Structure formats: structure tokens, C-alpha cells
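Chain residues, written in single-letter form:
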Amino acid sequence: MNRISFCVITLNVEKNLPRALQSAQGIADEIIVVDCGSTDRTLEIAREHGAKVFFRAWTNFSDQRNFAVAQASSEWIYTLDADEELSEGLRNSLIAWKQQNAKLNAYEMPRLTMYMGGWIRHSGWYPNLQRRLYRKDAGKYSGIVHETLEFEGEAGYLKGDLLHYTIKNFAEHEAKTEKYSTLAAQKMFDDGKRSWRAAMWFATPWTFLQSFFIRGGFLDGHRGALIAQMAARSVRLKFRMLGTLVRKEQNNKSR
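Rules behind the numbers
Within each chain, residue numbers correspond to sequence positions counted from 1 in written order. Since the coordinates come from a predicted model, pLDDT governs what is reported: local features require at least 70, and pairs of side-chain atoms require 80 or more to be given and counted, while whole-chain, interface and lining totals use all residues. Derived side-chain values reflect all non-hydrogen atoms in the structure, with water molecules and hydrogen atoms excluded from consideration. When DSSP finds two or more bridges between two strands, those strands count as paired. Segments assigned H or I by DSSP are reported as helices when at least four residues long, segments assigned E as strands when at least two residues long, and all are numbered from the N terminus. Orientation is described by lines fitted to C-alpha atoms, with helices fitted over the stretch in contact, and by angles between N-to-C directions that extend from 0 to 180 degrees. The set of buried Ala, Val, Leu, Ile, Met, Phe, Trp, Tyr and Cys residues whose side-chain atoms join them within 4.5 Å is what this entry labels a nonpolar core. Here's how the labels work: a residue is buried when its accessible area is under 20% of the maximum for its type, exposed when over 50%, partly exposed in between, all with a 1.4 Å probe on protein chains only. In the analysis that follows, any N or O atom pair within 3.5 Å is treated as a polar contact, provided that within protein one partner can donate a hydrogen and the other can accept it, and provided that, for residues neighboring in sequence, both atoms belong to side chains. Any two residues whose heavy atoms approach within 4.5 Å at even a single point are treated as in contact. Every crossover in which the path from the first strand over the helix to the second runs clockwise, viewed with the strands pointing away from the viewer, is termed right-handed. Any angle that falls under 35 degrees is termed roughly parallel, while one over 145 is termed roughly antiparallel, one within 65 to 115 roughly perpendicular, and all others oblique. Handedness of each helix crossing follows the sense of rotation of the near helix against the far helix: counterclockwise by less than a right angle gives left-handed, clockwise gives right-handed. Classes in brief: Ala, Val, Leu, Ile, Met, Phe, Trp, Tyr, Cys and Pro nonpolar; Asp, Glu, Lys and Arg charged; the others, Gly included, polar.

Colleague: I keep staring at the sheet that holds strand S13 (residues 162–165) and nothing clicks. Help me out?
Modeller: Pairing between the strands of a sheet is mediated by backbone hydrogen bonds and can be parallel or antiparallel. Spatially, S5-S13-S7-S8 is the arrangement adopted by the four strands of the open sheet, whose pairing is mixed. In this open sheet, the two strands that pair with only one neighbour each are strand S5 (84–86) and strand S8 (118–120). In this sheet, neighbouring strand axes are inclined to one another by 30° on average, regardless of whether the strands run parallel or antiparallel. Two strands pair when backbone bridges link them, and strand S7 (residues 111–115) and S13 are joined in this way by four bridges, in the parallel orientation. Along S13, the bridge assignment pairs Leu112 with Leu163.

Colleague: Sorry if this is basic, but what is going on with the nonpolar core here?
Modeller: Soluble globular proteins tend to pack their nonpolar side chains together in the buried interior. Formed by 28 residues in total, the largest nonpolar core has its most connected members in Phe6, Tyr78, Leu86 and Leu133. Elements that contribute at least two residues to this core include exactly strand S1 (4–10), helix H1 (17–24), strand S2 (30–35), helix H2 (42–48), strand S4 (76–79), helix H4 (88–98) and strand S6 (106–109). Top contributing element to this core by residue count: H1, with four residues. In terms of nonpolar packing, the next biggest core, distinct from the first, is built from 13 residues, Cys7, Tyr141, Leu149 and Phe151 among them.

Colleague: Please clarify how the side chain of Thr42 should be interpreted in this entry.
Modeller: Along the chain, the position of Thr42 falls in helix H2. Within the local environment of Thr42, its side chain forms a polar contact with the side chain of Asp40, the two groups lying 2.7 Å apart. Sequence-distant contacts of Thr42, defined by excluding residues within four places in its chain, comprise Thr10, Asn12, Val13, Glu14, Leu17 and Asp35.

Colleague: Before we go on, may I ask you to explain the pairing of S1 in this structure?
Modeller: Side-chain direction in a regular strand flips from residue to residue, so the side chains alternate between the two faces of the sheet. Among the seven residues of S1, seven are classified as buried, and the element is accordingly described as predominantly covered. With burial as the criterion, each face of S1 is covered, one bearing Ile4, Phe6, Val8 and Thr10 and the other bearing Ser5, Cys7 and Ile9. Across four bridges, S1 lies against S4 in parallel orientation. Counted as the bridge partner of Phe6 is Tyr78 from S4. Where S1 lies against S2, six bridges are found, and the strand directions are parallel. Bridge pairing in S2 links Ile9 to Val34. Assessed by its sense of winding, the connection that carries the chain from S1 through H1 to S2 is right-handed.

Colleague: What exactly am I supposed to notice about the sheet that holds strand S9 (residues 130–135) here?
Modeller: With mixed pairing, the seven strands of this open sheet are ordered in space as S3-S2-S1-S4-S9-S6-S12. Bordering the open sheet on either side are strand S3 (52–55) and strand S12 (155–157), each of which pairs with just one other strand. Across the sheet, the mean angle separating the axes of adjacent strands is 30° when strand polarity is ignored. Against the sheet, helix H3 (residues 61–70) engages S1, S2, S3, S4 and S9, with an angle of about 140° to S1. Relative to S4, H4 is tilted by about 170°, and along the sheet it contacts S1, S4, S6 and S9.

Colleague: Would you take a moment to explain the pairing of S3 for this structure?
Modeller: Pairing geometry for S2 and S3, over four bridges, is parallel. Bridge pairing links Asp35 to Phe55 in S3. What joins S2 to S3 is H2, and the crossover it makes is right-handed.

Colleague: When you look at the packing of helix H6 (residues 197–214) against helix H7 (residues 221–254) in this model, what are you seeing that I'm missing?
Modeller: Packed helix pairs are characterised by how far apart their axes lie and by the angle those axes make with each other. Where H6 meets H7, the closest approach of the two axes is 8 Å, and the angle between their N-to-C directions is 160°. In terms of orientation, H6 and H7 fall into the roughly antiparallel class. As for the relative orientation of H6 and H7, their crossing is right-handed in sense. Contacts between H6 and H7 involve Ala199, Met200, Ala203, Thr204, Thr207, Phe208, Ser211 and Phe212 from the first element and Gly221, Gly224, Ala225, Ile227, Ala228, Gln229, Ala231, Ala232, Val235, Arg236, Phe239 and Arg240 from the second. Residues that form the contact of H6 with H7 fall into these classes: 12 nonpolar, six polar and two charged.

See below:
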């Protein structure tokens, strides 16, 4: 039988964590929770579900995930976010997979996201394949803004949705857009990108058209329109912030 350690990184997630950990019951041979300073009931809830709890000061998502994996004792890792839940279909797939002879190093599954009270099945948000199950000694996370699982070979596929309970209101989406746009702009700047004006003016409307029409966002109704609007705004903010960094650099050089 394949043994799986479920690894979760946390910070003040008492509202979501019970649902996530409960969905792993009967599948997880071990649950590892790495927290970076919760002040609510997160740690208590984790221990109530039998998790092994560790503390690590926050650096970035990749570092936190890799640290959690290092604490795991199973050959196989499943990285689960606190705002996610294994659907019944995915649970069944994992239960069956545990009995098989695994020939690949990693497996992916579709993720279905709930946005402002509704499931999003278009807009480029689905199937949104997630590579979450992998052999411990064959994979590692990298990247600061959006962490990526690196491994050798092809990924297998597991049926059943990984359910994602994300943004609950528009204000939360605005805040998240601001945060990730800032991080993305800094990464582009650090990587040496200095062109931003044309991208800001042309990529922004293209992003809206791509999300709402090409990727079928209109089929998601008013939520699809909001997703397309915020995707375009994210692009505009990202390049505008890059422009600010470039001008600041130029001003410093001219002094």
C-alpha cells in the first residue's frame, strides 16, 4: 500500500482548516501542519485532527511547503491548502490509488473553485490541473510568487475534483489582486524586465477578452465578468508597478 503524508501550511485558518483535514481522514497516513504564527484556534484544530504541528517563520510558499515535506515520514506527499477539500470523487480515486503499484513520480487532478458563492467552471479557472501528489524524493517546490512543483517525467491523472473555497467578496479579490500584482512586478524587475508601457496598455484589454470570451467567462455569468475585470486589473497594476520600479532605478542612476 502507498503511504501518504498530507502537508498543510497555515496561518489563522480556523474557519477553513476543519473542512480540509476532515476530507483527508481515512486517506492520510500522517498529517503535517507547518504554521507561521497563528493566533486563533488553528493549532488546536490541527492537533484535534491528529496532525503533527511544526512552527516555521514565514519566508515564501515554496520554502514553507518544502519544510513541511521534510518533516514527513511517508514515501508519498499530498500538499493540501487549508481552503481546499477533497471531493468524494477525489477521495475515492486516492483510496483506489493507494492500493496500486505507482509507476510515476507525480499525479495531478482538476481543481474546482468556489468564487463569491458559486462554482466557476469556465473563465480559464477549470479544470486548473493541480500537481499535488508526488513521491517525496522526486519532487521539490520552487518559485516565490506562484510556487511550482518540479519533478522528472510525466504526471499521472486522478479523477475527482479538488474543491477550492476562495474569494468570498469583491473587497477580498481587490486585496489579493493588489498583493500578487506587487509581488509579480518585483519579480519581473528582479529578473531584468524593463519594458512596461506597451504591455500595460495592450495586455490589459487582451486579458479581459481572453478571460471573458475566449475562455468562456460569460458562461459563468456576473462572476465571470468580475473575474475577467480583475484579471485585466491585475495585469495593469503589475506593469504600472514595474514602471514605478524602473523610474525609481533610473532616477537613482541619474543622481
